[in-house]
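# Structure assessment
Listed below are the residues making up each chain.
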Amino acid sequence: MKNKLFIIGGGMGGISAGLYLSKSDYEIHIFETNSNLGGRANLLDLDGFIFDTGPSLLNYPWVFDNLYKFIGTSLNEELELQKIDPAIKYYWPDGETFQLSSDLTKLSQECIRLDSRDGIGLLNFLSDGRKKYSISFDNLVTQNTQSPLKWFFSAGLKNIFKLGLFRSMESQLKLHFKNKKIIEAFGSYAMYLGGAPHDLPGIFSILPFGELEYGLWLPKGGMYKLVESLEKSLIKQGVIIHKNTKVKNIIKEKNHVKGITLINGKKLYCDQIISNVDLPTTMNKLLEDKKFKSPKMTPGVITYYLGINKKLDNLEHHSVFFPQNTKFAYEEIMKNNNIPEDIPFYISVASNNDPSLAPKNKSGVFVLIPVPLKNKDYAWDKMSEHLLSKVLLRLRKHKIIINKEDIISKETISPKKWKDLFGLHMGSAFGASHNLFQVGPFRNSNKSKKYKNLFFVGASTTPGTGLPMCVLSGKMVAERVLQNNE
Ligand SMILES: Cc1cc2nc3c(=O)[nH]c(=O)nc-3n(C[C@H](O)[C@H](O)[C@H](O)COP(=O)(O)OP(=O)(O)OC[C@H]3O[C@@H](n4cnc5c(N)ncnc54)[C@H](O)[C@@H]3O)c2cc1C
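Residues numbered from 1 in each chain as written. Predicted model: local features only at pLDDT ≥ 70, side-chain atom pairs only at ≥ 80, totals over all residues.

## Some remarks on the overall build of the protein
Counting secondary structure elements, the protein contains 17 helices and 19 strands. Its C-alpha atoms give the protein a radius of gyration of 22 Å, within 12% of the compact-globule value 23 Å for 486 residues. Its C-alpha atoms give the protein principal-axis dimensions of roughly 65 × 55 × 45 Å. Taking all 486 residues of the protein together, 50% fall into the buried category. (Helix = DSSP H or I, 4+ residues; strand = E, 2+ residues; numbered from the N terminus. Rg over C-alpha atoms; globule rule 2.2 N^0.38 Å. Buried ≥ 20, exposed ≤ 12 C-beta atoms within 10 Å, placed from the backbone.)

What follows is the structure in structure tokens.
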């Protein structure tokens, strides 16, 4: 009889772990509480408007390609990918904009338009980013080690200082760019990592670099097509999927785990467990570990899915709207637990590039507003209406007109709902944050310290948040499980 391996949760990390282990001798079972796999990367069909609940952009396509290649296929064979270019448009209250593109000529012209010195700055940024990116991905990101020394030195002593680990992301960007708005645009990636650009390490300037170098993509039919295709692959590889199956706890005995108890009380036994449930939730709820100290988490989000009764040709696929004082807004959200008066937000209109995502001559608009984690138990119904009004007002300033009457379908996911739907610790949208003390060997490990056959996968363990990182997390945990058998 085959040894059994249980994966709790069918988010991207769980899916990837299942696939990366599917050639091993284990009988693999995935237990997912919801009726769909994908976790945060889920699907919403609102009267013919098709929305991705969470991820709206696919970056680092090579990570997905490697996963598909591992099981004998490729990203291009499985999905029709559309390149999104221009990639992201940034807006400021004074009417200024900055348009990101992975077309170097266009991007360079755009940088020079804002500051004549920033054309050269862009070239320097790209060349520096390329070095950092390759040092990081070749040596650091996917290394399963708990030893800081081993981790640092695997990059090579002289490379460590090239990474910008010991300066902030903002200072790193200032080395290359003069224009405050360009720095703000590239720095805005920090929020998804759980910090402000003046707080997070400079190494994270590889994020905007990675997007420029490898482009931003959308699978035809939306991001959820990726999950559907991976689910088919899981089935093909013999992984057994149990949907609508909530795990209540993990059965422990001394320093081993023995199996799981389902919410209906049924006990199931296995040889190894990988939990894809957000790591702090696994520790607090599934293991009832009272000593677990929660990591610092990324902020929450409130997200809106709006079916609009007209085409919105003057909105790009991805747009970010900055407030008057971005630094203040970051501090309010991430340090002071307040929703600032002047809110930053992100909008995606995927139906502009893929008309199959909305009924004819209509648009599907996704709005994401970051909100504090400790959000004072806001009455979210009221608050969500208030915030949406602010968004519509701000859009109007940029001559993007959406009247309330234009909204013919609407769904909102509050931080509380995000928490309840997917078991996200405190409702944090992106998992554990990525300050210097929560990356690499300092991040919560993917192997339990206490239970020899318990592992973790997903955004709150190594390497970090975002779909590509969760796919890599699946690869890393698969290595751990297989090493455990040696
Ligand atoms: C609004 C938003 C926008 C985002 N945008 C992007 C983007 O554009 N690009 C990008 O790359 N990333 C984006 N991300 C991040 C990305 O979605 C996540 O990093 C990634 O999906 C997390 O995957 P995970 O492996 O941690 O699993 P999760 O998504 O956390 O899934 C965990 C799974 O476990 C299940 N589960 C929980 N408790 C139990 C239980 N007791 N029993 C059984 N099952 C259980 C859940 O239902 C869920 O399916 C976004 C996230 C959000 C929230």
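The rest of the description comes next.
## Describing the packing of helix 1 (residues 12-20) against helix 12 (residues 224-236)
Between helix 1 and helix 12, the shortest axis-to-axis distance is 10 Å and the interhelical angle comes to 35°. Helix-helix and strand crossings are classified by hand; for helix 1 and helix 12 the assignment is left-handed. Together, Ile15, Gly18 and Leu19 of helix 1 and Leu230, Ser233 and Leu234 of helix 12 make up the contact between the two elements. Of the residues belonging to the contact of helix 1 with helix 12, the class tally is 4 nonpolar, 2 polar and no charged. (Axes fitted to C-alpha atoms, helices over the stretch in contact; angles between N-to-C directions. Left-handed = near helix turned anticlockwise from the far one by under 90°. Contact = placed C-beta atoms within 7 Å. Nonpolar A, V, L, I, M, F, W, Y, C, P; charged D, E, K, R; others polar.)

## So, the nonpolar core
Residues Phe204, Val367 and Ile369 are the most contacted members of the largest nonpolar core, which totals 139 residues. Sorting elements by how many residues they give to this core places helix 17 (residues 467-485) first, with 9 residues. Apart from residues lying up to four places away in sequence, Ile369 is in contact with Val301, Ile302, Ile343, Phe345 and Leu387. (Core = buried A, V, L, I, M, F, W, Y, C linked by C-beta atoms within 7 Å.)

## Observations regarding the domain arrangement of the protein
Taken domain by domain, the protein comprises domain 1 (4-41 + 223-296 + 432-484), domain 2 (106-207) and domain 3 (299-422). Broken down by class, the residue content of the side of domain 1 that touches domain 2 amounts to 6 nonpolar, 6 polar and 4 charged. (Domains from an automatic or database assignment.)

## Notes on the sheet that holds strand 2 (residues 27-31)
Read from one edge to the other, the open sheet built from 5 strands follows the order 9-2-1-13-19, with strand pairing classed as parallel. If you trace the sheet from one side to the other, it starts and ends with strand 9 (240-242) and strand 19 (454-456), each paired once. Here the average twist between neighbouring strands, direction ignored, is 20°. Both strand 1 (residues 4-8) and strand 2 contribute to a ladder of 5 bridges, which runs parallel. Opposite Lys4, over in strand 2, you have Glu27 as the bridge partner. (Pairing = 2+ DSSP bridges.)

## Looking at the pairing of strand 2
For the segment spanning strand 1, helix 1 and strand 2, crossover handedness is right-handed. Pairing analysis gives 3 bridges linking strand 2 to strand 9, with the strands arranged parallel. For Ile30, the partnering residue across the bridge sits in strand 9 and is Ile241. (Right-handed = clockwise from strand over helix to strand, strands pointing away.)

## Observations concerning the site of the ligand
Within the structure, the ligand sits among 36 residues, and Gly9, Gly11, Gly13, Gly39 and Gly458 are positioned closest to it. When residues of the shell around the ligand are traced back to their parent elements, those giving at least two are helix 1, strand 14 (300-308) and helix 17. For the shell around the ligand, the element with the most residues is helix 1, which contributes 3 residues. Class assignment for the residues of the shell around the ligand results in 16 nonpolar, 16 polar and 4 charged. Counting the residues that make up the shell around the ligand, at least three belong to each of domain 1 (4-41 + 223-296 + 432-484) and domain 3 (299-422). (Near = placed C-beta within 6 Å.)

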